[in-house]
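Each chain, letter by letter, is given below.
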Amino acid sequence: RPLPNGSGLILQPAGKLHLEGEETLSGNYTVEGAKQPLTGYVWTRVSDGIGVTYVAISAPDTAAGVQDVVQKLSQETVLEQP
């Protein structure tokens, strides 16, 4: 379903979500409401009942690099109970 981000942009799913391993879901999104073409990427990781979601919006020509940064950031994030 669409994800509004509060600034007038709406992320629309651009296909199915992908399960990556046991803890991670990711998906590509189109971005509506922007003056220039943008693409979106959502990466969610859940471990032991704690989760984090990263939402990245970028120009299409930088999307692959942005996805790499989000994946590295997610992998370096420690999820632990408080």
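Refer to the structure presented above.
Residues numbered from 1 in each chain as written. Predicted model: local features only at pLDDT ≥ 70, side-chain atom pairs only at ≥ 80, totals over all residues. Heavy atoms only, no water.

Points about helix 1 (residues 63–76)
Relative to the 20 Å expected for 14 residues at 1.5 Å per residue, helix 1 spans 20 Å between its end C-alpha atoms, a close match to the ideal helical length. Residues Ala-63, Val-70 and Ser-74 constitute the buried set of helix 1. Summarising the axial view, the buried residues of helix 1 lie within an arc of 35°, below the 170-degree limit, and thus occupy one face. Exposed and facing more than 90 degrees away from the buried side of helix 1 are Ala-64, Val-69, Lys-72, Gln-75 and Glu-76. Where helix 1 is buried, its residues meet strand 5 (39–47) and strand 6 (50–58). (Helix = DSSP H or I, 4+ residues; strand = E, 2+ residues; numbered from the N terminus. Expected span 1.5 Å × (residues − 1). Buried < 20%, exposed > 50% of the residue type's maximum accessible area, 1.4 Å probe, protein only. Arc of directions from axis to C-beta. Contact = heavy atoms within 4.5 Å.)

What about the packing of aromatic side chains?
By the definition in use, this model includes one aromatic pair. Pairing Tyr-41 with Trp-43 gives two aromatic rings, centres 6.1 Å apart and planes at 40°, and the pair type is tilted. The pair Tyr-41 / Trp-43 is uniform in exposure class, with both members buried. (Phe/Tyr/Trp six-rings, centres within 6.5 Å; stacked < 30°, edge-to-face > 60°.)

Some words on unusual backbone geometry
Unusually for a residue other than glycine, Asp-48 sits at a positive phi of about 55°. In this fold, Asp-48 is placed in the loop between strand 5 and strand 6.

The analysis is restricted to geometry; functional conclusions fall outside its scope.
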